[in-house]
There are 2 protein chains.
Amino acid sequence: LTRRPEVSEGALIAIDWGTSRLRATLVDSGGETIAEAESDEGIGKIDRTHEAVFGRLVAGWPHVPAVIAGMAGSRQGWREAPYVPCPATSATLAKNFLRFVTDDGRPIAIVPGLMVRSRDRDGDVMRGEESQIVGLIDRQPGFIGTVILPGTHSKWVRIADGAIVDFQTFLSGEMFDLLARHSFLRHSVAEDRHDLASSPAFALGVERVAEEGLPFLAAIFSVRARQLLDDVDPRDNRAYLSGLVIGGEIAAAETLGRLSRDRALCIVGTEVLANAYRQALALLGRDVELFDGKDLAVGGLIHLANAAGFVEIGRHP
Amino acid sequence: LTRRPEVSEGALIAIDWGTSRLRATLVDSGGETIAEAESDEGIGKIDRTHEAVFGRLVAGWPHVPAVIAGMAGSRQGWREAPYVPCPATSATLAKNFLRFVTDDGRPIAIVPGLMVRSRDRDGDVMRGEESQIVGLIDRQPGFIGTVILPGTHSKWVRIADGAIVDFQTFLSGEMFDLLARHSFLRHSVAEDRHDLASSPAFALGVERVAEEGLPFLAAIFSVRARQLLDDVDPRDNRAYLSGLVIGGEIAAAETLGRLSRDRALCIVGTEVLANAYRQALALLGRDVELFDGKDLAVGGLIHLANAAGFVEIGRHP
């Protein structure tokens, strides 16, 4: 899964190092992508030093500085970059870069994560998504509203005046996986992954919890009952369960006031999942714009590296 | 785990054969318990024929009829006893006994499960709990209200005029297990099982979702944030997660109108779990009576076996 052409040019390596994946992009002094490399050596999976993993991934690329977002900055990561409190701007994040130099002399900067701490609500944390959001703000400086980043741990992020105001995490991706693969419902849902969101069963699941107001915890047993009593096809049931989980997340976000009609809403993510969220929101009468998370992450990392004076890259020369 | 004294008397064997356990009680012609036997050979775990498993468990007991409730009547069980629709009385259940005779000539009756099918709501099913509820109605013939049966798959059952009117299943026990043992929250909760419900953290979890109205899906990530940001003890976090799950179930039941103040409420279950539900409900200002599920199951099976003319047992001679 690694694409690693030998290159001699380049000004910065932008890295997204999450729990399950490691992704590197080499950009030139104009901010254009020259090469990409990727591996499944996420922070939760590596069996060598972080420096060795990093070094192997970027071997053959020029010896330029690297800026890193994601779990690489967690306590279990390469070096811990403590959480910065919200509200936070790109300037706040840049100011809190954790900088060091590798054994072979390469400058590294790790972007800190963000946290929410308030007396009014439970705490929350993110690592990695903040760089995508900086990329979004960089591209749409006037954006005021909520950004949804679907995933294993979905984030709903409020943005105003160029700052990340606060955010809320939902375990939706993990919840779907737990129910579909590890609960007794696994006997009632298919394993194959076709395009779930185009199925009428997906729409039914979304409507049940997000429109009719059936509580998520009261809805999920029906996946089993549908199979036992109505002989529902396990593939339809997989789409239905996906609708319940995504619809449940949207309903919970609405209860928390994060879906109000007078606020802009957009989705940052990968194609299939981002589309499923867009379809679920369309069923509820909300039209939202999609942005590619990988593009935004690279743009955000360049923006932050510039803001920190870590490198000097003109994106639009 | 098997207690199996040699006995020569006895009139009926009452059996609760679930997914993970098999429990047999030998009663005399007056309905009094003479002997008990138990094993972990649940329907989901056996590697011999059902008749062989049954025969070994009751070896040494007299050759009397057996009445069986639980997953033994499912498609994957000994013989399938199809679901009977609600509303259903003990007479309905007795009329739908699945009867047969073992190879060695012993009469067997399997109690059918119950189902809910309605245009107004999703379908639902139960197997085993119906016999406990018959036992409750047998003991409290005038009971009108809701019975909660906490467990892997909790049931909230509406009872009126001696009939099971309808019910709603929640995956709460399984949800707790999935989150505490199989999700990334496992790093934030302890494994040991002390008395969770007596902890202030349990109360906090219940209050968050059932009193303050925080949606369950929005609440669970805070288990992780509490550990990362506030260094909460993993044992407290286990109690907190338990409070979120049980509180989430209660909040969902309330949304569905199953917790209205003008209706009686009681709990049927085993001591620790039933007590946790009682404490959660007490925090919300509801006082509920507890009943022992095992006692009620035996009483219910005797009641049904009598009603079906399967045996003739005078419980109060």
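Residues numbered from 1 in each chain as written. Chains lettered and ligands numbered in written order. Predicted model: local features only at pLDDT ≥ 70, side-chain atom pairs only at ≥ 80, totals over all residues. Heavy atoms only, no water.

(A) Looking closely at the overall build of chain A. For chain A, the helix and strand inventory stands at 10 helices and 14 strands. For 317 residues, the compact-globule estimate of 2.2 N^0.38 gives 20 Å, and chain A sits close to it at 21 Å. Counting every position in chain A, which comprises 317 residues, the buried fraction comes to 59%. Sequence-distant contacts, at least 24 apart, represent 65% of the contacts inside chain A between residues at least 6 apart. Accessible surface computed for chain A: about 13,200 Å², of which carbon and sulfur atoms make up 46%. Charge centroids of chain A, computed over 34 positive and 43 negative side chains, lie 4 Å from each other. (Helix = DSSP H or I, 4+ residues; strand = E, 2+ residues; numbered from the N terminus. Rg over C-alpha atoms; globule rule 2.2 N^0.38 Å. Buried < 20%, exposed > 50% of the residue type's maximum accessible area, 1.4 Å probe, protein only. Contact = heavy atoms within 4.5 Å. Areas by Shrake-Rupley, 256 points an atom, 1.4 Å probe, with all protein chains shown as cover. Lys, Arg positive; Asp, Glu negative; His and termini not counted. Charge placed at Lys NZ, Arg CZ, Asp CG, Glu CD.)

(B) Local environment of the packing of helix H5 (residues 200-211) of chain B against helix H8 (residues 234-255) of chain B. All names here are of chain B. Between H5 and H8, whose axes approach to 7 Å, the crossing angle comes to 35°. Crossing of H5 against H8: the hand is right-handed. In this structure, H5 contributes Ala-201, Phe-202, Leu-204, Gly-205, Val-206, Arg-208, Val-209 and Ala-210 to the contact, and H8 contributes Asp-236, Ala-239, Tyr-240, Ser-242, Gly-243, Leu-244, Ile-246, Gly-247, Gly-248 and Ala-251. Considering only residue class, the contact of H5 with H8 consists of 11 nonpolar, 5 polar and 2 charged. (Axes fitted to C-alpha atoms, helices over the stretch in contact; angles between N-to-C directions. Left-handed = near helix turned anticlockwise from the far one by under 90°. Nonpolar A, V, L, I, M, F, W, Y, C, P; charged D, E, K, R; others polar.)

(C) Expanded view of the packing of aromatic side chains. Inspection of the entire model under this criterion finds 12 aromatic pairs over all chains. Residues Trp78(A) and Phe100(A) carry aromatic rings whose centres are separated by 5.3 Å and whose planes lie at 75° to one another, so their mutual orientation is edge-to-face. Placement of the pair is Trp78(A) in the loop between strand S4 (66-70) and strand S5 (84-85) and Phe100(A) in strand S6 (residues 98-101), with a sequence separation of 22 residues. Assessed through its relative accessible area of 9%, Phe100(A) is described here as buried. For the pair Phe54(B) and Trp78(B), a centre-to-centre distance of 5.6 Å together with 50° between the ring planes defines the contact as tilted. Residue Phe54(B) is located in helix H1 (residues 50-57), and its partner Trp78(B) is located in the loop between strand S4 (66-70) and strand S5 (84-85); the two are separated by 24 residues in the primary sequence. Given the relative accessible area of 13%, Trp78(B) is considered buried. (Phe/Tyr/Trp six-rings, centres within 6.5 Å; stacked < 30°, edge-to-face > 60°.)

(D) The arrangement of the pattern of salt bridges in detail. Residues and elements named next belong to chain A. Taken as a whole and judged by the stated rule, the model has 32 salt bridges over all chains. The salt bridge partner of Glu-41 is Arg-56, with a shortest N-O separation of 3.8 Å. Of this pair, Glu-41 sits in the loop between strand S3 (33-39) and helix H1 (50-57) while Arg-56 sits in helix H1, and the two are 15 residues apart along the sequence. Salt bridges here are not isolated pairs; linked through shared partners, they connect Arg-121, Asp-124, Arg-158, Asp-166 and Arg-258. (Salt bridge = Lys/Arg side-chain N within 4 Å of Asp/Glu carboxyl O.)

(E) Seen up close, the sheet that holds strand S9 (residues 124-126) of chain B. Read across the sheet, 3 strands follow the order S5-S8-S9 (chain B) without closing on themselves; strand pairing throughout is mixed. In this open sheet, the two edge strands, each paired with only one partner strand, are S5 and S9 of chain B. Across 2 bridges, S5(B) lies against strand S8 (residues 114-116) of chain B in parallel orientation. Considered in S8(B), the bridge of Pro85(B) is made with Met115(B). This element, helix H7 (residues 222-230) of chain A, spans S8 and S9 of chain B of the sheet and lies at about 85° to S9(B). (Pairing = 2+ DSSP bridges.)

(F) Structural context of the packing of H5(B) against helix H9 (residues 271-283) of chain B. Residue and element names in this part refer to chain B. At a closest axis distance of 10 Å, the pairing of H5 and H9 adopts a crossing angle of 55°. With respect to their mutual orientation, H5 and H9 come out oblique. The two elements H5 and H9 cross, and the hand of that crossing is right-handed. Contacts between H5 and H9 pair Phe-202, Ala-203, Val-206, Glu-207 and Glu-211 from the former with Ala-276, Gln-279, Ala-280 and Leu-283 from the latter. (Parallel < 35°, antiparallel > 145°, perpendicular 65-115°, else oblique.)

(G) Structural detail: the relation of the copies chain B and chain A. Between the two copies, chain B and chain A, the superposition gives an RMSD of 0.0 Å; the rotation angle is 180° and the shift along the axis is 0.0 Å. Taken together, these values place the two copies in the relation of a two-fold axis. Considering only C-alpha atoms, the part of chain B nearest the rotation axis is Leu178(B), at 3.3 Å. Looking at chain B, 100% of its interface residues are interface residues in chain A too, so the copies touch through the same face. (Least-squares fit on C-alpha atoms with pLDDT ≥ 70 in both.)

(H) Fine view of the pairing of strand S13 (residues 264-269) of chain A. All names here are of chain A. A large share of S13 lies buried, amounting to 5 of its 6 residues. The sheet contact formed by strand S10 (residues 145-149) and S13 spans 4 bridges and is parallel. Along S13, the bridge assignment pairs Val-147 with Cys-266. As paired elements, S13 and strand S14 (residues 289-292) share 4 bridges and run parallel to each other. Bridge pairing in S14 places Ile-267 opposite Leu-290.

(I) Region of interest: the interface of chain B and chain A. Contacts between chain B and chain A engage 44 residues on the former and 44 residues on the latter. Roughly 3,700 Å² of surface becomes buried between chain B and chain A when both sides are summed, with 70% attributable to carbon and sulfur atoms. Interface area lost by chain B to chain A is led by Leu217(B), Phe221(B) and Leu229(B), which between them contribute 20%. Connecting chain B to chain A are 4 salt bridges. With a shortest N-O distance of 2.8 Å, Arg208(A) and Asp122(B) are connected by a salt bridge. Between the two partners, chain B and chain A, sit 10 residue pairs in polar contact (both at pLDDT 80 or more). Put simply, the parts of the chain that give the side of chain B that touches chain A at least two residues each are S8, S9, strand S12 (163-170), helix H4 (172-182), helix H6 (216-219), helix H7 (222-230) and H8 of chain B. Among the elements that line the side of chain B that touches chain A, the one with the most residues is H8(B), at 6 residues. Here the residues of the side of chain B that touches chain A sort into 25 nonpolar, 10 polar and 9 charged. (Buried area = accessible area lost by both parts, 1.4 Å probe. Polar contact = N/O pair within 3.5 Å; in protein donor to acceptor, adjacent residues only side chain to side chain.)

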